[in-house]
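Remarks on the overall topology
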Amino acid sequence: QVQLVESGGGLVQPGGSLRLSCVVSGSIFSFNAAGWYRQAPGKEREMVAIIPIGGSRIYTDSVKGRFTISRDIDKNTVYLQMNSLKPEDTAVYYCNARRSASDYWGKGTLVTVSS
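All values reported here derive from a predicted model rather than from experimental measurement.

**A few points about the nonpolar core**
Within the largest apolar cluster, 27 residues are counted, with the highest numbers of intra-cluster contacts made by Trp36, Val48, Phe67, Ile69, Leu80, Met82 and Tyr93. Among all residues touching leucine 80, those that are not within four sequence positions of it are Leu18, Arg19, Leu20, Trp36, Val48, Ala49, Phe67, Thr68, Ile69 and Tyr93.

**Some details on the side chain of threonine 77**
When you line up the elements, threonine 77 lands in strand β8 (residues 77–82). The buried category is assigned to threonine 77, whose relative accessible area is 5%.

**What to know about the side chain of asparagine 96**
Secondary-structure assignment places asparagine 96 in strand β9 (residues 91–99). Within the structure, asparagine 96 has its side chain in polar contact with the side chain of aspartate 103 (distance 3.3 Å). At 3.4 Å, the side chain of asparagine 96 and the backbone oxygen of tyrosine 104 are in polar contact. Apart from residues no more than four positions distant in its own chain, asparagine 96 is found in contact with Leu4, Ala33, Ala34, Gly35, Tyr37, Asp103, Tyr104 and Trp105.

**Details of unusual backbone geometry**
Unlike most non-glycine residues, asparagine 76 shows phi in positive territory, near 50°. Among the structural elements, asparagine 76 can be located in the loop between β7 (67–72) and β8. Located in the positive-phi region is serine 100, a residue other than glycine, with phi close to 55°.

**Regarding the sheet that holds β8**
Strand order in the open sheet formed by 4 strands is β1-β3-β8-β7, with antiparallel pairing between adjacent strands. This sheet does not close on itself; its edge strands, each paired only once, are β1 (4–7) and β7. The sheet shows a mean angle of 15° between the axes of neighbouring strands, direction not considered.

**As for the pairing of β9**
Along any regular strand, the residues point their side chains to alternate faces of the sheet. As paired strands, strand β4 (residues 33–39) and β9 are joined by 7 bridges and run antiparallel to one another. Looking at the pairing, alanine 34 lines up with alanine 97 of β9. Across 3 bridges, the pairing between β9 and strand β11 (residues 109–113) is antiparallel. Residue pairing in the sheet places tyrosine 93 in a bridge with threonine 109 of β11. The pairing of β9 with strand β10 (residues 102–105) spans 4 bridges and is antiparallel. Along β10, the bridge assignment pairs asparagine 96 with tryptophan 105. Counted between consecutive antiparallel strands, the loop separating β9 from β10 contains 2 residues, among which serine 100 sits at a positive phi close to 55°.

**Some words on the packing of aromatic side chains**
In the structure shown here, the tally under the stated rule is 2 aromatic pairs. Centroid distance phenylalanine 31 to tyrosine 104: 6.2 Å. Interplanar angle 80°. Geometry classified as edge-to-face. Of this pair, phenylalanine 31 sits in the loop between β3 (18–24) and β4 while tyrosine 104 sits in strand β10, and the two are 73 residues apart along the sequence. A residue is classified by how much of its surface remains accessible, and phenylalanine 31, at 5% relative accessible area, is buried. Note on tyrosine 104: relative accessible area 24%, which makes it partly exposed.

The rules behind these values
- Residues numbered from 1 in each chain as written.
- Predicted model: local features only at pLDDT ≥ 70, side-chain atom pairs only at ≥ 80, totals over all residues.
- Heavy atoms only, no water.
- Core = buried A, V, L, I, M, F, W, Y, C linked by side-chain atoms within 4.5 Å.
- Buried < 20%, exposed > 50% of the residue type's maximum accessible area, 1.4 Å probe, protein only.
- Contact = heavy atoms within 4.5 Å.
- Helix = DSSP H or I, 4+ residues; strand = E, 2+ residues; numbered from the N terminus.
- Polar contact = N/O pair within 3.5 Å; in protein donor to acceptor, adjacent residues only side chain to side chain.
- Pairing = 2+ DSSP bridges.
- Axes fitted to C-alpha atoms, helices over the stretch in contact; angles between N-to-C directions.
- Phe/Tyr/Trp six-rings, centres within 6.5 Å; stacked < 30°, edge-to-face > 60°.

This is how it looks when you write it as structure tokens:
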């Protein structure tokens, strides 16, 4: 069974940084892609960053130049380094892994950007 466990969320001041981690059960190579999504209150879930296996990284426009998605194959872990955080980045961040036509999700970790 696929399980995704997120960590690293918390409260940070505007301009600060956080690194989110997602440990994926099994090998990351078993999946077509992994990524991070977020959902703010009253808004639709949106894609933040995707790292396909063997493909180029994809970022939503609002985080380009500030966020970096990466992976550690040996640790089966996907990371999201978030720099220059803004209040509008406040959301629950969800880790995602895709295999064939199936999506798997973590339970989410809350990121709050506030002074």
